[in-house]
Amino acid sequence: MIETENLLLMPHAPDHLLALIERPDEYEELAGFPAAAGLRDFFVSDEVSQAFLDSIRALDDADPWHLGFAAVHRDERIVVGSCGFKGPPDADGMVEIAYGVVPKFQRRGYATEMAKALVDYALQDARVRLLRAHTLREPNPSTKVLKKCGFAFKGEVVEPDDGPVWRWERNGALD
């Protein structure tokens, strides 16, 4: 578990995520916290591949590099978002971060808390030399989050899964 000012980042367990996706009425009982409205949408959109679902089923335990974290609001005791990585560090030492906050809890700094926590988590691993993130191709709240977390804009790229996006990177050295 990672603690931030307002959030507890709890590693997603495979059975918790599968419940959220396939049996949402069982999620709270398994995860220990209710899911805020909109959380399930992060995992059931057209962008969620069968390969991702299969990878969840292949795991026996929580694995932050593959499944990420549930962002539990400390005071309200509800899962308000999710954050994680698009896999462990690759052969070049790069990890990509991703995060999302449900609409009701946006614009309160929680995405920044999650992104900073992901950066700190990644930098504890000696394999990590570069952190990366992608955003929509326009200034938006996520571009502000990444700037606050020390990421620099690198330009537009075409990602196989996402199409044209803006790439952001940050050196893996501790500040």
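See the structure shown above.
Q: So what about the nonpolar core? Which residues, and what values?
A: In this structure, Leu-9, Ile-97, Tyr-99, Leu-131 and Phe-151 are the most contacted members of the largest nonpolar core, which totals 50 residues. Other than its neighbours up to four places away in sequence, Tyr-99 contacts Ser-82, Cys-83, Ala-111, Met-114, Ala-115, Ser-142, Val-145 and Leu-146.

Q: I'd love a proper account of the pairing of strand 7 (residues 152-159), names of residues and values included.
A: Summarising the sheet, strand 7 and strand 8 (residues 163-171) pair through 7 bridges and their orientation is antiparallel. Bridge assignment links Val-157 to a residue of strand 8, and that residue is Val-165. Counted between consecutive antiparallel strands, the loop separating strand 7 from strand 8 contains 3 residues.

Q: Lay out the packing of aromatic side chains with the relevant residues and their values.
A: This model, assessed by the stated rule, comprises 6 aromatic pairs. Taking the centre distance of 4.5 Å and the plane angle of 45 degrees together, the rings of Trp-65 and Phe-85 count as tilted. Of this pair, Trp-65 sits in helix 5 (residues 64-67) while Phe-85 sits in strand 4 (residues 79-85), placing them 20 residues apart in sequence. Taken individually, Trp-65 and Phe-85 each receive the classification buried, so the pair is uniform in this respect.

Q: Could you give an account of the pattern of salt bridges, with specific residues and numbers?
A: The tally for this structure, following the rule as stated, stands at 10 salt bridges. Of the charged contacts in the structure, one is a salt bridge between Glu-22 and Arg-23, with a shortest N-O distance of 3.8 Å. Among the residues examined, Glu-22 registers a relative accessible area of 39% and is labelled partly exposed. According to the relative accessible area criterion, Arg-23 is partly exposed, its value standing at 29%. Between Arg-57 and Glu-22 there is a salt bridge, and its shortest N-O distance comes to 2.0 Å. With Arg-57 in helix 4 (residues 50-58) and Glu-22 in helix 1 (residues 14-22), this pair connects stretches of sequence that are 35 residues apart. Using a relative accessible area of 42% as the deciding quantity, one classes Arg-57 as partly exposed.

Q: So what's going on with the sheet that holds strand 2 (residues 7-11)? Which residues, and what values?
A: The strand order across the open sheet built from 8 strands is 1-2-3-4-5-6-8-7, with neighbouring strands paired in mixed fashion. The sheet terminates laterally at strand 1 (2-3) and strand 7, the two strands that pair on one side only. Pairing of strand 1 with strand 2 involves 2 bridges; the strand directions are antiparallel. Counterpart to Glu-3 in the pairing with strand 2 is Leu-8.

Q: So what about a positive patch on the surface? Which residues, and what values?
A: Together, Arg-107, Lys-116, Lys-144, Lys-147 and Lys-148 give the surface a local cluster of positive charge. If you tally residues by element for the positive patch, the top one is helix 7 (residues 141-148), at 3 residues. For Lys-144, the position within the fold is in helix 7.

Q: Got a sec to walk through unusual backbone geometry? Specific residues and values, please.
A: Positive phi, normally seen in glycine, also occurs at Arg-77, with a value near 55 degrees. Here Arg-77 lies in the loop between strand 3 (69-73) and strand 4.

About the thresholds
- Residues numbered from 1 in each chain as written.
- Predicted model: local features only at pLDDT ≥ 70, side-chain atom pairs only at ≥ 80, totals over all residues.
- Heavy atoms only, no water.
- Core = buried A, V, L, I, M, F, W, Y, C linked by side-chain atoms within 4.5 Å.
- Buried < 20%, exposed > 50% of the residue type's maximum accessible area, 1.4 Å probe, protein only.
- Contact = heavy atoms within 4.5 Å.
- Pairing = 2+ DSSP bridges.
- Helix = DSSP H or I, 4+ residues; strand = E, 2+ residues; numbered from the N terminus.
- Phe/Tyr/Trp six-rings, centres within 6.5 Å; stacked < 30°, edge-to-face > 60°.
- Salt bridge = Lys/Arg side-chain N within 4 Å of Asp/Glu carboxyl O.
- Patch = residues over 30% accessible without salt bridge, like charges linked within 9 Å, V, L, I, M, F, W, Y side chains within 5 Å.
- Areas by Shrake-Rupley, 256 points an atom, 1.4 Å probe, with all protein chains shown as cover.
- Lys, Arg positive; Asp, Glu negative; His and termini not counted.
- Charge placed at Lys NZ, Arg CZ, Asp CG, Glu CD.

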